[in-house]
Amino acid sequence: MTMRAADSPDTAVVRGHQIPVGLYLGGRWTTVTSTFPVYNPSTEECLAEVAAGTPEDARTALDAAVAAQQEWRAWSPRRRADLFHTAYRLLIDRADAFADVMTSESGKPHAEARAEFGLSAGFWLWYAEQIAHLHGTFAHGSPGGYRVITAHEPVGPCLLITPWNFPLLMSARKAGAALGAGCPVVIKSAQETPLTAALFVQTLHEAGFPPGVVNLIHTRSSASVAEALMADFRLRKISFTGSTAVGATLLAKAAPNIVNASMELGGDGPFVVLSDADVDLAVEQAVICKFRNAGQACVAANRIILHAAIAEEFTAKFLDRVNALRVGDGFAPGVEVGPMINARQRERVVGLIEAFVAAGAELLAGGRPVDGNGYFFQPTVLRVKDRAADLCNEELFAPVAALYTVDSIAEAVEFANDTTYGLAAYVFSRDLSRAVAVAERLQFGMVGVNRGIMADPAASFGGTKASGIGREGGHDGIYEFLEPKYIALTIDEDGALSS
């Protein structure tokens, strides 16, 4: 496979790594007159000025994707898989660069950025290996006289809207499935983390992806860009990760043109610790599940539900661990919790905690911003007694742990399911039969048993209810970008066998 040399686009230098700052349209980096700043949330310093795309730029990207779709879908599965493997090798070579850029623009600890890179590369490799194994079916027609053939065809040009909290993972997971299925894509980066998306797209460019197959838009006006593309009938698929409110708006925009949609939306994850749980394990996993990425994750533990028999033991050990968490710049050694993404998010958390306390919650740890530069917030623990409060069903998306106590398994399951969301849930018990029985009764798309992290390339990621539509990853992920086609083939069996 011949790799393309990098073009010479306008670039920013982040910790020694050159990152394109333009738009990527039709196989070329494009400079535009309007830009917006990208900040390091740990220092509040400007990292770069990035091209601010417009709805017109978005339509240009879609034009390029439409022009490329027939050639790209005609590539043989093996040829497409070989290109994926070329890109995978380039990604691996740039592990340090990706981790550095993610920590710089999202603030997450460098160890977490490296873990995100590893998972992202794993998803990309999963799709590389799946491309050549997308099989149809062949069967006899029910009344005889014909055959039923089903094949899977690319859905068409796709809009991939990625969030800021896991900028590489979401780009690789969405683009890997769409491109692997044979669909050209327009990636819309998050305004807070466009540099990670740019490095990812530059890597695909150098791997040799044909012009127009991959396009990248940065913008200060996500709504207007999405609206312009959704109004164009040539766009046949949208994949979005973000809030439920925005997802509902996009679904409404998708309706007029019947645009195929996959939505990975908000969560209200219950973390259920039963009376027979290994408390030390539950504490360890709760800290990871709650405070990873400073709590800014849709699958984070949103409600930690403790059986009364172990509530005091868990709370004491959990507080010891939380109070020991080191907060700071993600590049500093030993840091476990980075900043909130921006000042607005940090102020939202201040108001959230005030509302909890006003509703009767007991503040056990933290509760306020960290003094100095950066959008840091103290790891916070609340004991909540009033489960009727609306706050119990609000996605916290912050380094804030809310603890609740229940008296029975039935009460735990009932409270866990008392939410409009249905993304991720967790249950801890030494009795695997009990754990499985509880897991089967939890109305969520994913359930972790005795573990707080469960993302895996081989697993289908997604939720139920207000947490979304469709799945990413696993055997299901690539089929989100394929449509079945049925061919009825007449067979003259008698005539074919006559002499």
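Look a little higher up for the structure.
The rules behind these values
- Residues numbered from 1 in each chain as written.
- Predicted model: local features only at pLDDT ≥ 70, side-chain atom pairs only at ≥ 80, totals over all residues.
- Heavy atoms only, no water.
- Helix = DSSP H or I, 4+ residues; strand = E, 2+ residues; numbered from the N terminus.
- Buried < 20%, exposed > 50% of the residue type's maximum accessible area, 1.4 Å probe, protein only.
- Contact = heavy atoms within 4.5 Å.
- Pairing = 2+ DSSP bridges.
- Axes fitted to C-alpha atoms, helices over the stretch in contact; angles between N-to-C directions.
- Parallel < 35°, antiparallel > 145°, perpendicular 65-115°, else oblique.
- Left-handed = near helix turned anticlockwise from the far one by under 90°.
- Nonpolar A, V, L, I, M, F, W, Y, C, P; charged D, E, K, R; others polar.
- Phe/Tyr/Trp six-rings, centres within 6.5 Å; stacked < 30°, edge-to-face > 60°.
- Lys NZ or Arg CZ within 6 Å of the ring centre and 35° of its normal.
- Disulfide = S-S within 2.5 Å.
- Core = buried A, V, L, I, M, F, W, Y, C linked by side-chain atoms within 4.5 Å.
- Salt bridge = Lys/Arg side-chain N within 4 Å of Asp/Glu carboxyl O.

K.L.:
Please explain the environment of Gly 448 as it appears in this structure.
P.N.:
With respect to the secondary-structure elements, Gly 448 resides in strand β21 (residues 446-449). According to the relative accessible area criterion, Gly 448 is buried, its value standing at 2%. For the pair Gly 448 and Ala 425, spaced 23 residues apart in sequence, the C-alpha separation works out to 6.3 Å. Once residues lying within four places of it in the same chain are set aside, the contact partners of Gly 448 are Ala 425, Tyr 426, Val 427 and Met 454.

K.L.:
Would you take a moment to explain the pairing of strand β7 (residues 137-140) for this structure?
P.N.:
Within a regular strand, side chains alternate between the sheet's two faces. The sheet contact formed by β7 and strand β8 (residues 146-154) spans four bridges and is antiparallel. Residue Thr 137 lies in a different strand from β8, and its bridge partner there is Thr 150.

K.L.:
Just to check I follow, could you spell out the packing of helix α2 (residues 77-93) against helix α4 (residues 110-130) for this structure?
P.N.:
The angle between the axes and the distance between the axes are what describe a pair of packed helices. Interaxial distance between α2 and α4 falls to 9 Å at its minimum, and their mutual angle equals 165°. Accordingly, the angle class assigned to the pair α2 and α4 is roughly antiparallel. Viewed along their axes, α2 and α4 form a crossing whose handedness is left-handed. For the pair α2 and α4, the contacting residues are Ala 81, Phe 84, His 85, Ala 87, Tyr 88, Leu 91 and Ile 92 in the first and Phe 117, Ala 121, Trp 124, Leu 125, Tyr 127, Ala 128 and Glu 129 in the second. Across the contact of α2 with α4, the residue classes break down as 12 nonpolar, one polar and one charged.

K.L.:
Got a minute to help me understand the packing of aromatic side chains in this structure?
P.N.:
Between two aromatic rings, the relevant description is the distance of the centres plus the angle of the planes. Applying the stated rule across the entire model yields 14 aromatic pairs. Here the aromatic rings of Trp 124 and Phe 200 are separated by 5.8 Å at their centres, their planes lie at 85°, and the arrangement is edge-to-face. You can see Trp 124 sitting in helix α4 and its partner Phe 200 sitting in helix α6 (residues 194-207), a full 76 residues away along the chain. Aromatic rings pair up to connect Trp 72, Trp 75, Phe 84, Trp 124, Phe 200 and Phe 209 into one cluster. In this arrangement the basic side chain of Arg 79 is found over the ring face of Trp 75, its NZ or CZ atom lying 3.6 Å from the centre. Over the face of the ring belonging to Phe 481 we find Lys 237, whose NZ or CZ atom lies 5.1 Å from the ring centre.

K.L.:
Hey, could you run me through the sheet that holds β7 in this one?
P.N.:
Two orientations exist for strands paired in a sheet by backbone hydrogen bonds: parallel and antiparallel. With respect to topology, three strands assemble into an open sheet ordered β7-β8-β24, the strand pairing being antiparallel. Each having just a single partner strand, β7 and β24 (482-490) make up the two edges of the open sheet. Across the sheet, the axes of successive neighbouring strands diverge by a mean angle of 20°, strand direction being ignored. By the bridge criterion, nine bridges tie β8 to β24 in an arrangement that is antiparallel. Bridging from a neighbouring strand, Tyr 146 pairs with Thr 490 of β24.

K.L.:
Please explain the state of the cysteines as it appears in this structure.
P.N.:
By definition, a disulfide links the sulfur atoms of two cysteine residues through a covalent bond. Tallying each qualifying case throughout the model produces zero disulfides. Here Cys 298 is not cross-linked by a disulfide; its sulfur's nearest cysteine counterpart is in Cys 289, at 11 Å. Given a relative accessible area of 13%, Cys 298 falls into the buried group. Summary of cysteine pairing: Cys 392 is not part of a disulfide, and the nearest cysteine sulfur, belonging to Cys 289, is at 18 Å.

K.L.:
Explanation requested: the nonpolar core in the structure shown.
P.N.:
Proteins that are soluble and globular tend to have nonpolar side chains buried together. Residues Trp 124, Leu 179, Ile 187, Leu 195, Phe 200, Phe 209 and Val 214 are the most contacted members of the largest nonpolar core, which totals 68 residues. Counting residues per element, this core draws most heavily on helix α5 (residues 167-181), at nine residues. Beyond its immediate chain neighbours, meaning those up to four positions away, Leu 179 contacts Trp 72, Arg 80, Phe 84, Trp 124, Val 185, Leu 204, Phe 209, Val 213 and Val 214. Of all hydrophobic cores here, the second largest spans 34 residues; its members include Val 273, Leu 319, Val 322 and Leu 403.

K.L.:
Is there a simple way to explain unusual backbone geometry in this structure?
P.N.:
Although it is not a glycine, Arg 15 sits at a positive phi angle of roughly 50°. With respect to the helices and strands, Arg 15 occurs in the loop between β1 (11-14) and β2 (17-20). A relative accessible area of 52% means that Arg 15 is categorised as exposed. Positive phi values are uncommon outside glycine, yet Ile 258 reaches one of about 50°. Mapped onto the fold, Ile 258 is located in the loop between α8 (244-254) and β13 (260-264). With relative accessibility at 65%, the residue Ile 258 sits in the exposed group.

K.L.:
What is the right way to look at the pattern of salt bridges in this model?
P.N.:
Opposite charge on two side chains lets them pair, provided their charged atoms get close. Following the criterion strictly, the structure yields 21 salt bridges and no others. Between Arg 147 and Glu 493 there is a salt bridge whose closest N-O contact spans 2.9 Å. One end of the pair, Arg 147, is in strand β8; the other, Glu 493, is in helix α15 (residues 493-497), with 346 residues separating them in the sequence. The partner of Arg 173 in a salt bridge is Glu 472, with the nearest N and O atoms 2.7 Å apart. Of the two residues, Arg 173 is situated in helix α5 and Glu 472 in the loop between β23 (468-469) and α14 (474-477); the sequence distance between them amounts to 299 residues.

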